[in-house]
Amino acid sequence: MRNLENKVIYQIYPKSFKDTTGNGYGDIQGIIEKLDYLQDLGVDYIWLSPCCKSPQNDNGYDISDYMQIDELFGTNDDYENLIKEAKKRNIKVMMDLVLNHTSSEHIWFKKALEKDEKYYNYYIWRDKPNNIKSMFGGSAWSYSEEVGKYYLRLFDKTQPDLNWENEEVRKDLYKMINYWINKGVEGFRLDVIDLIGKEPDKMILGKGPKFYEYLKELNNNTFKDKLLTVGECWGSSIEESYKMCNKDGLTQAFHFTYQCLTNKDGDKWNQTKLDLSKLCSILDTWENEYKGIEAIVMNNHDLPRLISLWLNDKEYRKESAKLLITLFGLLKGNLYIYQGEEIGMTNAYFDNIDDYIDVETLNKYNELKEKNISEDKIMDIIKLISRDNARVPMQWDNIENAGFTKGKPWLKINKNYKEINVAKDINSIDSIFNYYKNIIKYRKENYSKIDSKAIFKTDGKILTMEKDKFILYANFSDQNININYKGNILFKNYNNIKENILRAYEVLVFSK
Ligand code: GLC
């Protein structure tokens, strides 16, 4: 395998990154404008959430033409130009591949609805639905009047699942992937990839019997082991990740085990307090047992901001953001950063349901309404968990619309943009942005120190991580706690030190 470890990958949610046309949506030109900023941060790859043609029912994860950039974002030429401009700055472009489903607007599905001999078999049809539930709530089957049958759609009804058992589907997808590789794309993030081997009649969804076979075929016909690939595989165990991450599979997988830690009984809409001993045990497994390249990820477009979920994004926002990047930034593997994380952007916490756009959020709202749960209670849940919390536009400046657009933003701006924005952060020495830069620089220059065995401990408030060359203490509580430490300070998130005390959300790293 080529050297695909110790990389920093920055996720861009194109719709919300930077608008240059004034239509309220971010675009590819906007990304090009900000490449210098990303180079300064120290990123090796940019991963763009889908920009292909799409009716945007699921913000681009519903693709209606895989070969065409959506005009909302620009043209295919703009995309190629982005690849070129990024390359000049030593940054590679990683594309988001949605291979499990298309949009119902895709020509394949439209033909399937006409019962076209070929394209009907591109999707999954049954006379009767079974009990499979959609990830967005309700049944995973929708009835088509035209066909007189139900089609499977594990997400929204406008996202019909592709029939991976059909070799023609697979070949068409490989052709498309190779088209983008030829254009210069050098990495792929594979959306819900573990679902491609599903066997719906047996109620098997994730990592079905043929999953590894399909993955190998996909790999061998497209990216091989040359490009950086990361599969979205919710809740994969260490064994499963290892099985799918090798020269015939992917470089790495998002398993999200730590993000799911506070989900009560596996339900993300029902949150409980973070249990540090569970976090230690997960980190221990991935750092010490996993033989692949771990994908370290704190935030993405599907998750609430981790500082809002785990720590204190109000009185201790700066300390909290620095604490998290110190801990996660000193883990081995590839570090994924989601836009805005590097300046400590927080959940948007919109009070009114009318300010939300995300299809999953709106489905949940309606589901809870039907259960007669009070509006206040529903909004408390949504304000904490909704995917729109992380999808709000990037906060560049303290001017109108946070410098994201000159028009009306497609999704409201977080009201804290005057306080939290890039312009302010890059100019302040002790900012979160500059702290991220230091951690990234340290990773690049000292990876052998990071890549050592780690011992994790906790007393419920303080988490300790000890590696061969350094020791980290992180206070996850808002109390002062006495500790004994010695050594030279490598990283700290307060300006000064208080001898043998760890203050609220304080993190200290000592070299040994
Ligand atoms: C993945 C994406 C998410 C999308 C879903 C369906 O989980 O990250 O945003 O809604 O797949 O494509």
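In this convention, every chain numbers its residues from 1, walking through the sequence in written order. Per-residue local features are limited, in this predicted model, to residues with pLDDT of at least 70; the limit for side-chain atom pairs, both in listing and counting, is 80 or more; totals at the level of whole chains, interfaces and linings are taken over all residues. As a convention, hydrogens and water are excluded, and side-chain values are obtained from all of the structure's heavy atoms.

Enquirer: How do you make sense of the packing of aromatic side chains when you look at a structure like this?
Expert: Only rings of Phe, Tyr and Trp enter the pairing, Trp through its six-membered ring, and a pair is recorded when the two centres are within 6.5 Å. The plane angle decides the type: under 30 degrees is stacked, over 60 is edge-to-face, the rest tilted. Within this structure, the stated rule accounts for 37 aromatic pairs. Plain terms: the ring middles of Tyr25 and Trp410 are 6.4 Å apart, the flat faces sit at 15 degrees to each other, and that makes the pair stacked. Residue Tyr25 is found in the loop between strand E1 (8–12) and helix H1 (28–33), and its partner Trp410 is found in the loop between helix H13 (388–391) and helix H14 (422–426); the two are separated by 385 residues along the sequence. Three or more aromatic residues joined by ring pairs make a cluster, and in this case those are Tyr10, Phe17, Tyr37, Trp396 and Phe433. Above the plane of the ring of Trp410 lies Lys15, whose end atom (NZ or CZ) is 4.5 Å from the centre. Helix and strand labels come from DSSP, where a helix needs a run of H or I of at least four residues and a strand needs a run of E of at least two; each type is numbered from the N terminus. Criterion for a charge above a ring: Arg CZ or Lys NZ at most 6 Å from the ring centre, at most 35 degrees from the ring normal.

Enquirer: What am I meant to see in the layout of surface pockets here?
Expert: One way to see where empty space is left: roll a probe the size of a water molecule over the atoms. We place a 1 Å grid over just the protein atoms. Points where a 1.4 Å probe fits but has no way out form a cavity, open points with protein on both sides within 12 Å along at least 5 of 7 lines form a pocket, and any residue with an atom within 4 Å of a point lines it. Grid points are joined across faces, edges and corners, and a volume is the space filled by probe spheres set on the points. Counted as a void, the largest pocket has a volume near 820 Å³. What lines the largest pocket is a set of 37 residues, and nearest its centre among them are Met135, Phe136, Trp234, Lys268 and Glu360. Only strand E13 (267–271), helix H9 (306–310) and helix H11 (359–370) provide two or more residues apiece to the lining of the largest pocket. Ten residue types, Ala, Val, Leu, Ile, Met, Phe, Trp, Tyr, Cys and Pro, are classed as nonpolar, four, Asp, Glu, Lys and Arg, as charged, and the remainder, Gly among them, as polar. Residue composition of the lining of the largest pocket, by class: 15 nonpolar, ten polar and twelve charged. Two domains each put at least three residues into the lining of the largest pocket: domain 1 (2–100 + 162–350 + 386–443) and domain 2 (107–152). By volume, the second largest pocket is sized at about 330 Å³. Taken together, 17 residues form the lining of the second largest pocket, with Lys273, Leu274, Leu309, Trp310 and Phe476 sitting closest to its centre. The leading source of residues in the lining of the second largest pocket is H9, at three residues. The class makeup of the residues in the lining of the second largest pocket is eight nonpolar, six polar and three charged. Residue assignment places the lining of the second largest pocket across two domains, with domain 1 (2–100 + 162–350 + 386–443) and domain 3 (451–511) each supplying three or more. As annotated, the domain borders come from an automatic or database domain assignment.

Enquirer: Looking at this structure, I do not really get unusual backbone geometry. What am I missing?
Expert: A negative phi angle characterises most non-glycine residues, just as the trans form characterises most peptide bonds. Look at Asn59: it is not a glycine, yet its phi comes out positive at around 50 degrees. Of note in the backbone geometry, Asp265 takes a positive phi value of approximately 50 degrees without being a glycine. Each residue's exposure class comes from its accessible area (1.4 Å probe, protein chains only) as a fraction of the maximum for that residue type: buried when under 20%, exposed when over 50%, partly exposed otherwise. Accessibility expressed as a relative area gives 80% for Asp265, which makes it exposed.

Enquirer: How should the site of the ligand be read in this particular structure?
Expert: Taken together, 14 residues sit near the ligand, with Asp58, Asp191, Glu232, His301 and Asp302 positioned nearest. We define a polar contact as two N or O atoms separated by no more than 3.5 Å, with the added condition that, inside protein, one atom must be a possible hydrogen donor and the other a possible acceptor, whereas residues neighbouring each other in sequence contribute only through side-chain atom pairs. In this structure, an oxygen atom belonging to the ligand sits 2.8 Å away from a side-chain N or O atom of Glu232. Contact between the ligand and His301: an oxygen atom at 2.8 Å from a side-chain N or O atom of the residue. In this description, accessible areas are obtained by the Shrake-Rupley approach with a 1.4 Å probe, and a residue is regarded as covered only by the protein chains that are shown. Coverage of the ligand by the protein amounts to 97% of the 310 Å² it exposes when considered alone. Cavity and pocket membership follows a simple rule, namely that a molecule belongs there if more than half of its atoms are within 2 Å of the grid points. If you map the ligand onto the pockets, it falls in the largest pocket. Its residues assigned to classes, the shell around the ligand shows four nonpolar, three polar and seven charged. Only heavy atoms are used to decide nearness, and a residue is near a molecule or strand if one of them lies within 4 Å of it.

Enquirer: I keep staring at the pattern of salt bridges and nothing clicks. Help me out?
Expert: A pair can form between side chains of opposite charge whenever their charged atoms are brought close. Salt bridges are defined by distance alone: a side-chain nitrogen of Lys or Arg within 4 Å of a carboxyl oxygen of Asp or Glu. Under the counting rule described, the total for this entry stands at 39 salt bridges. Here Asp44 makes a salt bridge to Lys444, at a shortest N to O gap of 3.3 Å. Here Asp44 is found in the loop between helix H2 (35–41) and strand E2 (45–48), whereas its partner Lys444 is found in helix H15 (residues 432–445), with 400 residues between them in sequence. Salt bridges sharing common partners tie together Asp58, Lys268, Asp302, Asp358, Glu360, Arg387 and Arg391.

Enquirer: Sorry, what's going on with the nonpolar core here?
Expert: Looking at soluble globular proteins, one finds that nonpolar side chains tend to be buried together. As used in this record, nonpolar core signifies buried Ala, Val, Leu, Ile, Met, Phe, Trp, Tyr and Cys residues forming a set joined through side-chain atoms within 4.5 Å. Membership of the largest hydrophobic core comes to 142 residues, with the highest contact counts inside it found for Tyr10, Ile46, Tyr79, Phe328 and Phe476. Looking at this core element by element, the count peaks at seven residues for H15. By definition, residues are in contact when any of their heavy atoms lie within 4.5 Å. Leave out the neighbours within four places in its chain, and Phe476 touches Leu274, Leu276, Leu279, Trp310, Leu311, Leu323, Leu327, Lys461, Leu463 and Tyr505. Met94, Val230, Phe254 and Val297 belong to the second largest nonpolar core, which has 13 residues in total.

Enquirer: For this particular structure, what's the right way to read the domain arrangement of the protein chain?
Expert: Accessible area lost upon the coming together of the parts serves often as the stated size of an interface. Domain annotation of the protein chain identifies domain 1 (2–100 + 162–350 + 386–443), domain 2 (107–152) and domain 3 (451–511). On a C-alpha basis, the centres of domain 1 and domain 3 stand 29 Å from each other. With 27 residues of domain 1 in contact, the opposing surface of domain 3 contributes 29 residues. Across the domain 1 to domain 3 interface the summed buried area is about 2,300 Å²; carbon plus sulfur atoms make up 74%. On inspection of domain 1 and its partner domain 3, the count reaches two salt bridges. Note that Lys332 and Asp451 form a salt bridge whose closest N and O atoms lie 3.9 Å from each other. Viewed at the interface, domain 3 and domain 1 are joined by four residue pairs in polar contact (both at pLDDT 80 or more). Counting only elements with at least two residues in the side of domain 1 that touches domain 3, the list comes to helix H8 (276–289), helix H10 (317–329) and H15. Take the accessible area each of two parts loses on contact, using a 1.4 Å probe, and add the two losses: that sum is the buried area.

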